[in-house]
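Structural overview for review
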Amino acid sequence: MDKKYFIELNGRQIPVSKEVYYAFKRPAWKERKRRQIRAEKELSLEAFADAGFEIPSSQALVDEIVEDKLLLDMLSKALSELTDDERFLIDELFYQEKPERMVAKDTGVSQNTVNYHKNRILEKLRMLLEKNL
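Predicted model only: the values in this text are computed from it and were never measured.

Their axes nearest at 10 Å, the elements helix 4 (residues 84-95) and helix 6 (residues 111-132) cross at an angle of 105 degrees. Considering the angle they form, helix 4 stands roughly perpendicular to helix 6. Mapping the contact onto sequence places Glu86, Leu89, Ile90, Leu93 and Phe94 in helix 4 and Val114, His117, Lys118, Arg120, Ile121, Leu122, Lys124 and Leu125 in helix 6.

Structure (structure tokens):
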């Protein structure tokens, strides 16, 4: 027995071939599938809570953001107290993520010298940060 296919237009059921039916319905099916996949992938606090993750309160999130901002401000102030050469080295090693070996080659000094200066600068930053705490 052959299956009959219909498309609803203006409230009327219009008989069509299987090919026409599929061509007409395929975009709607794809959109429904896309929405379903998107809904499954959406992140929500409820989904994390259901999965067993601890969700901090909004006040805890605000406190964390404020704390991060204060730490960034303190670090920025401490970095501003470094010399240009010290800031250059920190930028190369930590922000540009260059290895000590490459910085040494670029600056014409040994890797041991770069390492020594890096450690000295980090200690200076620690002292500056502790002073501001």
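Next comes the rest of the write-up.
Where nonpolar side chains cluster on the molecular surface, the patch consists of Phe48, Phe53 and Ile55 and spans about 260 Å² of accessible area. Take Phe48: it is sitting in helix 2 (residues 45-50). For Phe48, a relative accessible area of 31% corresponds to the partly exposed category.

Another point: the pairing of strand 2 (residues 12-16). Summarising the sheet, strand 1 (residues 5-9) and strand 2 pair through five bridges and their orientation is antiparallel. Looking at the pairing, Ile7 lines up with Ile14 of strand 2. Between the end of strand 1 and the start of strand 2, which pair antiparallel, lie two residues, with Asn10 showing a positive phi angle near 50 degrees.

Criteria and cut-off values
- Residues numbered from 1 in each chain as written.
- Predicted model: local features only at pLDDT ≥ 70, side-chain atom pairs only at ≥ 80, totals over all residues.
- Heavy atoms only, no water.
- Axes fitted to C-alpha atoms, helices over the stretch in contact; angles between N-to-C directions.
- Helix = DSSP H or I, 4+ residues; strand = E, 2+ residues; numbered from the N terminus.
- Parallel < 35°, antiparallel > 145°, perpendicular 65-115°, else oblique.
- Contact = heavy atoms within 4.5 Å.
- Patch = residues over 30% accessible without salt bridge, like charges linked within 9 Å, V, L, I, M, F, W, Y side chains within 5 Å.
- Areas by Shrake-Rupley, 256 points an atom, 1.4 Å probe, with all protein chains shown as cover.
- Salt bridge = Lys/Arg side-chain N within 4 Å of Asp/Glu carboxyl O.
- Buried < 20%, exposed > 50% of the residue type's maximum accessible area, 1.4 Å probe, protein only.
- Pairing = 2+ DSSP bridges.

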